[in-house]
Amino acid sequence: MSSRKARVLIVDDHALVRAGFKRLLDATDDFEAAGEAGTAAAALSIAAGGGFDVVLLDIALPDAGVLETVGTLRRRHPDLPILIVSMHPEEQYAVNLLRAGISGFFPKAGEAKDLLQALRTIVAGKKYISASLAEALAMEAAGDAAEPPHRKLSNREFQIFVQLAAGKTVTDIASELCLSVKTISTYRSRIMEKMNLTRNAELTAYALRHTLIS
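Residues numbered from 1 in each chain as written. Predicted model: local features only at pLDDT ≥ 70, side-chain atom pairs only at ≥ 80, totals over all residues. Heavy atoms only, no water.

## Examining helix H8 (residues 170–177)
And then number 1: All of the buried residues along H8 are Val170, Ile173, Ala174 and Leu177. With its buried residues spanning 100° around the axis, H8 presents them on a single face.
And then number 2: Packed against the buried residues of H8 are helix H3 (66–76), helix H7 (155–165) and helix H9 (181–195).
And then number 3: Once H8 ends, the next one or two residues include Cys178, with phi positive near 60°. (Buried < 20%, exposed > 50% of the residue type's maximum accessible area, 1.4 Å probe, protein only. Helix = DSSP H or I, 4+ residues; strand = E, 2+ residues; numbered from the N terminus. Arc of directions from axis to C-beta. Contact = heavy atoms within 4.5 Å.)

Right, here's the structure in full:
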């Protein structure tokens, strides 16, 4: 790593969490908290100014889904690495997010030193995958673990699945994603078929059981 400190954009809707990350980063010799945002919209606006080396992105923001936010960041800043931080178990979300282009996934329950190591790995141009996630992925690849139904969903299907499970209507989702109600209804049908479910209540029960929503 060069002598210049890596500039981190911190994105989390809790001010105290952002402050904690900032203190942690600013106490190091190789990172600085160069910007912070509490919403996806603010993050995208700040990122547009350039000058960042990595984004530390909370998985749950109030104004946009994480897959949508990651997708927009990747389109606008294809070389800007993203480390997701989450309260959710990494095995549930990480595969879909890795497909979407993130560079790593870190649990909020993790140790501070491990978070810094994750950031250093990503800034060095590598992917960060924890030992537990690597083991889970290896077991699936070897056929030793059954793939949960939600892993069969595409990124867009997964995004809509989480919104449906959280209680949003087809109309709400269509408005948020700037798609037609008919398109969202088609996605809903595909999701139900792939997951072998029939009602939104079953989607919600599944999502709660797999801690995909809280």
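## Some points on the sheet that holds strand E1 (residues 6–11)
And then number 1: Pairing is parallel across the open sheet formed by 5 strands, whose spatial order is E2-E1-E3-E4-E5. Every interior strand has two partners, whereas the edge strands, strand E2 (31–37) and strand E5 (104–107), have only one. Averaged over all pairs of adjacent strands, the angle between their axes in this sheet comes to 25°, without regard to strand direction.
And then number 2: With 4 bridges joining them, E1 and strand E3 (residues 54–58) adopt parallel strand pairing. If you follow Ile10 over to E3, its bridge partner there is Leu56.
And then number 3: In the packing of H3 onto the sheet, contacts are made with E3 and strand E4 (82–86), and the angle to E4 comes to roughly 165°.
And then number 4: Sheet contacts for helix H5 (residues 112–123): E1, E2, E3, E4 and E5; angle to E4, the most-contacted strand, approximately 155°. (Pairing = 2+ DSSP bridges. Axes fitted to C-alpha atoms, helices over the stretch in contact; angles between N-to-C directions.)

## Some thoughts on the pattern of salt bridges
And then number 1: Applying the stated criterion across every chain, the model contains 10 salt bridges.
And then number 2: Note that Glu32 and Arg7 form a salt bridge whose closest N and O atoms lie 3.9 Å from each other. Here the residue Glu32 occupies a position in strand E2, and Arg7 occupies one in strand E1, the gap between them amounting to 25 residues.
And then number 3: Among the residues examined, Glu32 registers a relative accessible area of 28% and is labelled partly exposed. (Salt bridge = Lys/Arg side-chain N within 4 Å of Asp/Glu carboxyl O.)

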